Amino acid sequence: MRVGLAFNRKPQTLSPQARHDHYAEWDDADTIKAVAGAIATRHSVIEIEADEAIAETLKRARPDIVFNIAEGINSPSRESQVPIICEMLRIPYTGSDGFTLAACLNKARAKEIMSYHHIPTPPFEVIEHAQQRVNGLRFPVIIKPLWEGSSMGIRNDALIFERSELPSRLERLLKEYRQPVLVESYLSGREFTVALLGNGEDVRVLPIVEINFGELPAGAHPIYSYEAKWIWDTPERPLRIFACPAGLDDTLRARIEELCIRAFRALGCRDWCRVDVRLDAEGSPHVIELNPLPGILPDPDENSCFPKAARAAGMSYHELILEVLSSACARMGLP
Ligand SMILES: Nc1ncnc2c1ncn2[C@@H]1O[C@H](COP(=O)(O)OP(=O)(O)OP(=O)(O)O)[C@@H](O)[C@H]1O
Ligand SMILES: [Mg+2]
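Residues numbered from 1 in each chain as written. Chains lettered and ligands numbered in written order. Predicted model: local features only at pLDDT ≥ 70, side-chain atom pairs only at ≥ 80, totals over all residues. Heavy atoms only, no water.

**Q** When you look at the overall build of the chain in this model, what are you seeing that I'm missing?
**A** In terms of regular secondary structure, the chain is built from 10 helices and 13 strands. The C-alpha radius of gyration computed for the chain amounts to 19 Å, which stays within 12% of the reference 20 Å derived for 335 residues, consistent with globular compactness. In terms of overall dimensions, the chain has C-alpha extents of about 60 × 50 × 45 Å along its principal axes. Counting all 335 residues of the chain, 53% fall into the buried class. Considering only intrachain contacts with a sequence separation of at least 6, the fraction spanning at least 24 residues in the chain is 70%. Total accessible area on the chain is roughly 15,200 Å²; 50% of this is exposed by carbon and sulfur atoms. Charge-centre separation for the chain: the mean point of 38 positive side chains lies 2 Å from the mean point of 47 negative side chains. (Helix = DSSP H or I, 4+ residues; strand = E, 2+ residues; numbered from the N terminus. Rg over C-alpha atoms; globule rule 2.2 N^0.38 Å. Buried < 20%, exposed > 50% of the residue type's maximum accessible area, 1.4 Å probe, protein only. Contact = heavy atoms within 4.5 Å. Areas by Shrake-Rupley, 256 points an atom, 1.4 Å probe, with all protein chains shown as cover. Lys, Arg positive; Asp, Glu negative; His and termini not counted. Charge placed at Lys NZ, Arg CZ, Asp CG, Glu CD.)

**Q** What is the right way to look at the domain arrangement of the chain in this model?
**A** By convention, interface size is frequently given as the accessible area that disappears when the constituent parts associate. The assigned domain composition of the chain is domain 1 (2-95), domain 2 (123-185) and domain 3 (188-332). Counting residues at the interface gives 26 residues for domain 1, matched by 19 residues for domain 3. Regarding the contact of domain 1 and domain 3, the summed buried area is about 1,800 Å², with carbon and sulfur atoms giving 71% of it. When the buried surface of domain 1 facing domain 3 is broken down by residue, Ala 38, Phe 67 and Gly 95 rank first, second and third, together holding 25% of it. Across the domain 1-domain 3 interface, the total number found is 4 residue pairs in polar contact (both at pLDDT 80 or more). (Domains from an automatic or database assignment. Buried area = accessible area lost by both parts, 1.4 Å probe. Polar contact = N/O pair within 3.5 Å; in protein donor to acceptor, adjacent residues only side chain to side chain.)

**Q** Just checking my understanding: could you explain helix 1 (residues 29-40) for this structure?
**A** An α-helical segment advances 3.6 residues per turn. Residues three or four places apart therefore align on the same side. Given a rise of 1.5 Å per residue, 12 residues ought to cover 16 Å, and the 16 Å separating the end C-alpha atoms of helix 1 matches this to within 8%. Those residues of helix 1 that are buried lie in contact with strand 1 (2-7), strand 2 (44-49), strand 3 (65-68) and helix 10 (317-332). (Expected span 1.5 Å × (residues − 1).)

**Q** Just checking my understanding: could you explain the sheet that holds strand 1 for this structure?
**A** Either a parallel or an antiparallel arrangement is found when strands of a sheet pair, and the pairing is made through backbone hydrogen bonds. The parallel open sheet is built from 3 strands, whose spatial order is 2-1-3. Two strands close off the open sheet at either side, each with one partner strand: strand 2 and strand 3. Strand-to-strand, the axes of this sheet are offset by a mean angle of 30°, without reference to chain direction. When strand 1 meets strand 3, the two strands line up parallel, connected through 4 bridges. Among the inter-strand pairings, Ala 6 is bridged to a residue of strand 3, identified as Asn 68. Seen against the sheet, helix 10 touches strand 1 and strand 3 and runs at an angle of roughly 135° to strand 3. (Pairing = 2+ DSSP bridges. Axes fitted to C-alpha atoms, helices over the stretch in contact; angles between N-to-C directions.)

In C-alpha cells:
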C-alpha cells in the first residue's frame, strides 16, 4: 500500500509570541521518523505535513490510506482537521473520526457523553469568565484548560485545596490559555493509563500502566503535571514514573479494563486510544479523559505510555504501528 503519514512537526525554534508550551502536543522529528520507519517495513510511505496546504498535498499524493498522527492547528477542534479533509477527499485514514477527536479534546464534552452512559468520571464545572463562581464541587479541585492535552496548563499548582484561592487561579488560567477552564473534583487514589487497540468485539486492552507518584520530587502534588511530563523527566535523568503491568488484583484489573472499553465505545473511538483512569478515595475507578491520538515517543528511555504498554504485551514499536494500520484496514474492509 501507499501510506500517507499525516503529522504536525514541532518547529525547531519557538516564535517570541508563542506560549512556552504551544507545541507540546506536536510531534518531534524522531517520532515522525520512527512511525514512517515502522510503516516502511511493509508499505511505501509518503510524508504529509498537516499544514494549510494539506488538502492539495493529499489530492496530489492520493495515498491508499492516511496514517494520522496530526494534532492539527489553531482551533478547539483542530484534531478533526485531517480526518475531515480525508473524508472530503474519500481517502481512508487510521483512528477516530473528526467528531470523536473533537469531543475527546474538549474534556467537558467527553465527560458529558460518559455521564450519559453511566461511566464514572469526576464531577465538574466549566468556567468561561473570571466572575463566574464554582458552586457545587467538593474540594480539592483540579483546574485545566478545556481543550488542551500533554498536561498543557496543568502545572503542579493546578491542584487547589482552598475555595478562596480559586478565583485568582481561574483568572490566571483563563488569561493564559484564552479558553474556558474545566474545574474538576480531585481523585486522590492510584492513577492508571490504559492503551486499547482494535474495534468492535475485538478491542484489546494492553497491560495497564500505573503512574508512580512516589518518583516525583519531594513536595510535588500527586498529579501527572506539565513539570512531571516535560521538565522533571529528562532522557538524561528519566523519572521511573511508570509501572507496567501495574500491580493489580484480578477484580480491579477487570473493572478498569471494562470501564475503559465502555468509554472507548461511548466516545466512538476506533483503532486505538489511551484512557486515563484514577481511583477515588474509596478505590473505585473513574475515567479522567481519553486520548484517541495517543503520544507515541519511540525511545524507550523517554516515558511514553502507549509504546510502553505495547512492549509489556510483547509488541515492538513497529508492530504497534502496523497493528493500528491493520485495525483500520480491517475496519474498512481494505486488503
Ligand atoms: N480529577 C482529577 N483527579 C486527580 N488527578 C487528576 C484529575 N484530573 C487530572 N488529574 C491529574 O492531572 C494529569 C493530567 O490531566 P489530564 O489527563 O486531564 O490532562 P492532559 O493534558 O489531557 O493529559 P495527556 O497528556 O494525557 O493528554 C492526570 O494524569 C492526573 O495526574
Ligand atoms: Mg491525560
